[in-house]
Structures are given as structure tokens and as C-alpha cells.
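In case you want the letters, here they are:
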Amino acid sequence: FADYTTKDGYTIIISHPESFISFYKHCSVLIKKERGNVLQGELIALSGNSGEITTGPHLHFELWKNGLPVNPRGYLINY
């Protein structure tokens, strides 16, 4: 998914292997289009302040596995 929603503004949702889904909300600009492939480290959007439920410029990130939110700390690679 890559589009605008009233609540969360410009949003990208990416489906990953092993039943993971990542959400990127309140973006100012979407770089990737819906149904496009994304490679690790590739720019997908710019953070912003879009949508009705935002508190200022930021990126809202969520990671879900098997339909439930998980703490991303154990899954993200440190650069």
C-alpha cells in the first residue's frame, strides 16, 4: 500500500517474508509506488507531518508479525 489516508496521511505498508508487515505513516512524500519492489536500504518516503492525527514532523513506524504488533528492536539491523 502506498497512498494518502485522512487519519495517517501519506502511508506506506510493506509486506515482508515470514508474515511481517511494516508501516510508515505521516510521510510528506511517497517515493515508492504501490506494488513496487523495495530493496533493503532503499529510500521509500520522506518523513513529514501529514494526516489528522499527527503532532509535528516525524515518521510513525510499526512492525507487525502474524497480524500482531511487535517490538521492532529485535528485528532491525544496526548500521
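Below you will find a few notes about this structure. The structure displayed is predicted, hence computed values, not measured ones. (Residues numbered from 1 in each chain as written. Predicted model: local features only at pLDDT ≥ 70, side-chain atom pairs only at ≥ 80, totals over all residues. Heavy atoms only, no water.)

1. A short note on unusual backbone geometry
Point 1. The phi dihedral of His 26 is positive, around 70°, even though this residue is not glycine.
Point 2. By the secondary structure assignment, His 26 is in strand 3 (residues 20-27).
Point 3. In this structure His 26 comes out as buried when scored by relative accessible area, which is 2%.
Point 4. One non-glycine residue, Arg 35, adopts positive backbone phi at about 70°.
Point 5. With respect to the helices, strands and loops of the structure, Arg 35 is situated in the loop between strand 4 (29-30) and strand 5 (45-46). (Helix = DSSP H or I, 4+ residues; strand = E, 2+ residues; numbered from the N terminus. Buried < 20%, exposed > 50% of the residue type's maximum accessible area, 1.4 Å probe, protein only.)

2. As for the pattern of salt bridges
Point 1. Using the criterion set out here, one finds three salt bridges in the structure.
Point 2. Each of Asp 8, Lys 25 and Glu 62 takes part in salt bridges that share partners, so that together they form one network. (Salt bridge = Lys/Arg side-chain N within 4 Å of Asp/Glu carboxyl O.)

3. Here's the deal with a nonpolar patch on the surface
Point 1. Taken together, Val 29, Ile 31, Leu 43 and Leu 46 make up a surface patch of nonpolar side chains, about 310 Å² in accessible area.
Point 2. As for its position among the elements, Ile 31 is in the loop between strand 4 and strand 5.
Point 3. Judged by relative accessible area, which is 37%, Ile 31 ranks as partly exposed. (Patch = residues over 30% accessible without salt bridge, like charges linked within 9 Å, V, L, I, M, F, W, Y side chains within 5 Å. Areas by Shrake-Rupley, 256 points an atom, 1.4 Å probe, with all protein chains shown as cover.)

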